[in-house]
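These are the residues of each chain, in order.
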Amino acid sequence: EPRADNEEGMVVEQESKTDAAPADALPAPNSLQTLEDEIAAAAQAISQKPEPTREKKPASKTAAAKSYLKSPTPPPVKKQPARKSIKKDVPAAKKPKAKQPAAKTKTAAKPKAAKTTAAAKKEVSVRGGNVLTYEGKPQEAFPYGGDWPQGWIQRCFARQTGDTKGREDRYWYTPQLEHKLRSLKEVQRFIKAVGECNGDEKAAKKIFKSMVV
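Once a new chain begins, its residue numbering starts again from 1 and follows that chain's sequence as written. Confidence filtering applies because this is a predicted model: local features only for residues at pLDDT of at least 70, side-chain atom pairs given and counted only at 80 or more, and all residues used for totals across whole chains, interfaces and linings. Side-chain measures were taken over the full set of non-hydrogen atoms in the model, leaving aside hydrogen atoms and water.

### Examining the pattern of salt bridges
A side chain with one charge can pair with a side chain of the opposite charge if their charged atoms come near. Within this document, salt bridges are pairs made up of a side-chain nitrogen of Lys or Arg and a carboxyl oxygen of Asp or Glu, the two lying within 4 Å of each other. With the rule as written, the count across this model stands at four salt bridges. In this structure, the salt-bridge partner of aspartate 169 is arginine 159, at a minimum N-O distance of 2.9 Å. With aspartate 169 in strand β3 (residues 168-173) and arginine 159 in the loop between β2 (153-158) and β3, the pair connects residues that are ten residues apart, well separated along the chain. With relative accessibility at 8%, the residue aspartate 169 sits in the buried group. Numbering of helices and strands starts at the N terminus; helices are DSSP runs of H or I of at least 4 residues and strands are runs of E of at least 2. The classification of residues rests on relative accessible area computed with a 1.4 Å probe and restricted to protein chains. Under 20% of the type maximum is buried, over 50% is exposed, and intermediate values are partly exposed.

### Observations concerning the packing of aromatic side chains
Think of it this way: a Phe, Tyr or Trp ring, Trp meaning its six-membered ring, pairs with another when their centres are within 6.5 Å, and the plane angle makes it stacked under 30 degrees, edge-to-face over 60, tilted otherwise. Here the structure, examined in full by the defined rule, presents six aromatic pairs. Between tryptophan 152 and phenylalanine 190 the ring centres are 6.4 Å apart and the planes differ by 85 degrees, which places this aromatic pair in the edge-to-face class. Here tryptophan 152 is found in the loop between β1 (131-136) and β2, whereas its partner phenylalanine 190 is found in helix α5 (residues 184-196), with 38 residues between them in sequence. Among the residues examined, tryptophan 152 registers a relative accessible area of 8% and is labelled buried. Since its relative accessible area comes to 1%, phenylalanine 190 is described here as buried. Judged by centre distance (5.5 Å) and plane angle (70 degrees), the ring pair of phenylalanine 190 and phenylalanine 208 falls under edge-to-face. Of this pair, phenylalanine 190 sits in helix α5 while phenylalanine 208 is found in the segment after α6 (201-207), placing the two residues 18 residues apart along the sequence. Among the aromatic residues, those joined into a ring-pair cluster are Phe142, Tyr144, Trp148, Trp152, Phe190 and Phe208. The rule for a charge over a ring is simple: NZ of Lys or CZ of Arg within 6 Å of the ring centre, and within 35 degrees of the ring normal. A cation over an aromatic ring shows up here: arginine 155 above the ring of tyrosine 173, its NZ or CZ 4.4 Å from the ring centre.

### Overview of unusual backbone geometry
Of note, the phi angle at glutamate 178 is positive, near 55 degrees, even though the residue is not glycine. Locating glutamate 178 in the fold gives a position in the loop between β3 and β4 (180-181). With a relative accessible area of 38%, glutamate 178 lands in the partly exposed category. One non-glycine residue with positive phi stands out, namely asparagine 198, at about 60 degrees. As for its placement among the helices and strands, asparagine 198 is situated in the loop between α5 and α6.

### With respect to the nonpolar core
Among the nonpolar cores identified, the biggest contains 14 residues, and Trp148, Trp152, Trp172, Leu181, Val187, Phe190 and Ala204 are the most heavily contacted of them. Here the element with the most residues in this core is α5; it accounts for five residues. Throughout, a residue-residue contact means that at least one pair of heavy atoms, one from each residue, lies within 4.5 Å. The contacts of tryptophan 152, once residues within four sequence positions are left out, are Gly136, Lys137, Pro138, Trp172, Tyr173, Thr174, Pro175, Leu181, Val187, Phe190 and Ile191. The term nonpolar core refers to a set of buried residues drawn from Ala, Val, Leu, Ile, Met, Phe, Trp, Tyr and Cys, joined through side-chain atoms within 4.5 Å.

### Let's talk about the side chain of glutamine 188
Within the secondary structure, glutamine 188 is located in helix α5. Setting aside anything within four residues of it in sequence, one finds glutamine 188 in contact with Pro143, Tyr144 and Val213.

### Notes on α5
To estimate the expected span of a helix, count its residues, drop one, and scale the result by 1.5 Å. The end-to-end C-alpha distance of α5 is 19 Å, a good match for the 18 Å that 13 residues give at a rise of 1.5 Å each. By the burial criterion, the buried members of α5 are Val187, Gln188, Phe190, Ile191, Ala193 and Val194. In this structure, the buried side of α5 is in contact with β3, β4 and α6. Asparagine 198 sits one or two positions beyond α5 and adopts a positive phi of about 60 degrees.

### Remarks on the sheet that holds β4
A pair of strands is labelled paired if DSSP reports no fewer than 2 bridges between them. Ordered by their spatial adjacency, four strands build an open sheet running β1-β2-β3-β4, and the pairing between neighbours is antiparallel. The two strands at the open ends of the sheet, each matched to only one other strand, are β1 and β4.

What follows is the structure, given as structure tokens:
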């Protein structure tokens, strides 16, 4: 191409000359080749060196304990069902027979006594063992007609000793105090005295003997 005659063309040519490096500053081609050969040889020597062997350390006690703890747990043991005990029927022991008492000789039958209350038992003990033959509502008719008032009791005793053995004594007892009266006349006097004392047996007991029937 034709060179520029102006100043700009001159400046460009000078800059291109200054940018080019001198020939003495670049390395020789032989020296670069030798450097590359040395680097390759060193790399090959490093790659061919054997790796140092590491000695295995014996397992510590803690490692053995950990391996024991990590061991799988044994399977659960199945419980066998309990065997049912079979009860055998054991014959009951025979009880010895009790000895029967000897038969008593029969004696003469005594007169049957009526069921005695506490008051009747006291009366029997006072009268020397006479037998109570009756206890209950008076058997005779009420002296003033009608039925006996509620609470009156009659007791009959049979004598067991003396010349009058077998004779029966009859007594009448008032409802509240169970005061003993020896005859129907006394019963009439007592009933009349109770009427005058407004039903008070204690007051009637003091005056009934003086009553006229």
